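Architecture at a glance
Residues per chain are reported as follows:
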Amino acid sequence: MPAVAPDVRVHEARVHLNRPCGDDAFVLGVTLPEEMAPLRAGRFFMLRRKDELSPEIPRPFSVYRQTGPRELEFLVKIHGRGTRALHQSRAGDVLVTIGPLGLGWPDWQANAGPKWFVAGGIGSAPFMMGIEQAIAAGVPADQITYVYGGRTKGFLYDLDLFTDLGVRVIAATDDGSAGFHGNVVQACEHLIESEGKPERVQVFTCGPDPMMKAVVAFADRQGFESWVSLETYMGCGVGICNGCAVGTTPEGQLADWPVAKCCTDGPVFRASDIRF
Ligand SMILES: Cc1cc2nc3c(=O)[nH]c(=O)nc-3n(C[C@H](O)[C@H](O)[C@H](O)COP(=O)(O)OP(=O)(O)OC[C@H]3O[C@@H](n4cnc5c(N)ncnc54)[C@H](O)[C@@H]3O)c2cc1C
Ligand code: FES
């Protein structure tokens, strides 16, 4: 089992941006006190405000964008106490950051067929850099499809920025207020009905658990490989508390232990390796 990432640091970082995004989210920009190497997409940080507004336990957030050697952005959906506190942050406020954590997306293989990135709502956060890095790794942009679903168009955060990446973007909303009228699995099925089934597709998904389960079941039906980025509860983020345990499958690559830790073994897993 992997240990905590060797490049993890605890810092006090300054907020430089709090940009509203969609109906219930915001983009939080922070400046760290020291430079970082370029980060692999899909890794995450634990964040909390330094003052008493935040709960003691920091909350995990995927790196959304790395905009400079010391600058990071996080796309945060307002959910409970921790995210409400972060939402109150203004330029100059101090956050405690722990990261980078986790392993992130696997290496992008240019010759492994088309890649479908399937996100639901805030599950888009690890895909911004994921798509950029896949293109940088040599995956042709026309081999990448980003299927992005939400209840309504207000939950499709920064859709224009994803469109600017130059890959095919398929929006899907439950109410038909933007793009395809239906969920992401129906959108994927529609793609296959209209274009035919590619011989091979790699599917990467992040979003609510029921959505990811449905995406993995779709990929299994089609005989496609799939990976999931899980959003479990986390207490520590560094492998100590066992709050993020996820069951492993006896036939998978993590079978030497009955549970894996989302924070150090994940948060990205090959879907066939875990029970979730
Ligand atoms: C790897 C990872 C990446 C994520 N990336 C993003 C992202 O980019 N953007 C985003 O908006 N969200 C992301 N999330 C989800 C985000 O962490 C949660 O929405 C956030 O923790 C909610 O915090 P809250 O205080 O607002 O909500 P609350 O529901 O008040 O608190 C949730 C937190 O409380 C603690 N907690 C509550 N109940 C339990 C329990 N039963 N057992 C253990 N701990 C408990 C945990 O620390 C948990 O994370 C990510 C989650 C993970 C694991
Ligand atoms: S969050 Fe504590 S062990 Fe993973």
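Residues numbered from 1 in each chain as written. Chains lettered and ligands numbered in written order. Predicted model: local features only at pLDDT ≥ 70, side-chain atom pairs only at ≥ 80, totals over all residues. Heavy atoms only, no water.

Here's the deal with the overall build of the protein chain
Summing up its helical and strand segments, the protein chain has six helices and 17 strands in all. Here the C-alpha radius of gyration of the protein chain, 18 Å, is about what a compact globule of 276 residues would show, namely 19 Å. Across the 276 residues that make up the protein chain, the buried fraction comes to 53%. Counting contacts in the protein chain only where the partners sit at least 6 residues apart, residues at least 24 apart contribute 67% of the total. (Helix = DSSP H or I, 4+ residues; strand = E, 2+ residues; numbered from the N terminus. Rg over C-alpha atoms; globule rule 2.2 N^0.38 Å. Buried < 20%, exposed > 50% of the residue type's maximum accessible area, 1.4 Å probe, protein only. Contact = heavy atoms within 4.5 Å.)

With respect to the site of ligand 1
Taken together, 22 residues sit near ligand 1, with Pro 60, Leu 75, Gly 80, Gly 82 and Thr 83 positioned nearest. In the model, a nitrogen atom of ligand 1 is placed 2.7 Å from a nitrogen or oxygen of the Leu 75 main chain. Here an oxygen atom of ligand 1 sits 2.8 Å away from a polar atom, N or O, in the main chain of Lys 77. Computed on the free molecule, ligand 1 has an accessible area of 960 Å², of which 77% lies beneath the protein chains in the complex. At the level of secondary structure, the elements contributing two or more residues to the shell around ligand 1 comprise strand S4 (59-62), strand S6 (71-77) and helix H1 (81-87). At four residues, S4 tops the list of elements feeding residues into the shell around ligand 1. (Near = heavy atom within 4 Å. Polar contact = N/O pair within 3.5 Å; in protein donor to acceptor, adjacent residues only side chain to side chain. Areas by Shrake-Rupley, 256 points an atom, 1.4 Å probe, with all protein chains shown as cover.)

A word on the environment of Gln 109
Its location among the elements puts Gln 109 in the loop between strand S7 (94-101) and strand S8 (115-120). Residue classification places Gln 109 among the partly exposed residues on the basis of a relative accessible area of 41%. In sequence terms Gln 109 and Ala 137 are 28 residues apart; their C-alpha atoms lie 7.5 Å from each other. Every residue in contact with Gln 109, bar those within four places of it in the chain, is listed here: Lys 115, Val 139 and Gln 202.

Observations regarding the sheet that holds strand S14 (residues 245-248)
Here three strands make up an open sheet; going across it, the order is S15-S14-S17 and the pairing antiparallel. In this open sheet, the two strands that pair with only one neighbour each are strand S15 (259-261) and strand S17 (274-275). In terms of strand pairing, S14 meets S17 through two bridges, oriented antiparallel. Each bridged residue has a counterpart across the sheet, and for Thr 248 the counterpart in S17 is Ile 274. (Pairing = 2+ DSSP bridges.)

Notes on the domain arrangement of the protein chain
Much of the literature gives interface size as the accessible area that the parts lose upon coming together. Along its sequence, the protein chain is organised into domain 1 (9-101) and domain 2 (115-229). The gap between the C-alpha centroids of domain 1 and domain 2 is 25 Å. Facing 19 residues of domain 1, the contacting portion of domain 2 comprises 15 residues. The contact between domain 1 and domain 2 buries some 1400 Å² in all, and 61% of this surface belongs to carbon and sulfur atoms. The interface formed by domain 1 and domain 2 holds one salt bridge in total. Its salt-bridge partner being Asp 158, residue Arg 19 comes within 2.9 Å of it at the nearest N-O pair. If you look at where domain 1 meets domain 2, you find seven residue pairs in polar contact (both at pLDDT 80 or more). Among the secondary structure elements, those contributing two or more residues to the side of domain 1 that touches domain 2 are strand S1 (9-21), strand S2 (25-31), strand S5 (65-66) and S6. Ranked by residues supplied to the side of domain 1 that touches domain 2, first place goes to S6 with three residues. Here the side of domain 1 that touches domain 2 is composed, by residue class, of nine nonpolar, four polar and six charged. (Domains from an automatic or database assignment. Buried area = accessible area lost by both parts, 1.4 Å probe. Salt bridge = Lys/Arg side-chain N within 4 Å of Asp/Glu carboxyl O. Nonpolar A, V, L, I, M, F, W, Y, C, P; charged D, E, K, R; others polar.)

Topic: the side chain of Thr 145
Structurally, the position occupied by Thr 145 is in strand S9 (residues 144-150). Here the side chain of Thr 145 touches Arg 168 through a polar contact of 3.2 Å, side chain to side chain. Those residues in contact with Thr 145, other than ones at most four positions away along the chain, are Lys 115, Trp 116, Phe 117, Arg 168, Ile 170 and Leu 191.

Brief notes about the packing of aromatic side chains
One pass over the structure, following the stated rule, counts 16 aromatic pairs. Site record: aromatic cluster; members linked through ring pairs are Trp 105, Trp 108, Phe 117, Phe 127, Tyr 146, Tyr 148, Phe 162, Phe 204 and Trp 227. A cation over an aromatic ring shows up here: Arg 151 above the ring of Phe 155, its NZ or CZ 4.3 Å from the ring centre. (Phe/Tyr/Trp six-rings, centres within 6.5 Å; stacked < 30°, edge-to-face > 60°. Lys NZ or Arg CZ within 6 Å of the ring centre and 35° of its normal.)

Some words on the pattern of salt bridges
Side chains bearing opposite charge may pair, as long as their charged atoms lie close to each other. Enumeration according to the criterion identifies 13 salt bridges in this entry. A salt bridge links Asp 7 to Arg 43; the nearest nitrogen and oxygen atoms lie 2.8 Å apart. Separated by 36 residues along the polypeptide, Asp 7 in the segment before S1 and Arg 43 in the loop between S2 and strand S3 (44-49) bring together distant segments of the chain. Judged by its relative accessible area of 32%, Asp 7 falls in the partly exposed class. By relative accessible area, which is 9% here, Arg 43 ends up buried. Shared partners join several salt bridges into a network, and the residues in it are Arg 49, Asp 51 and Asp 93.

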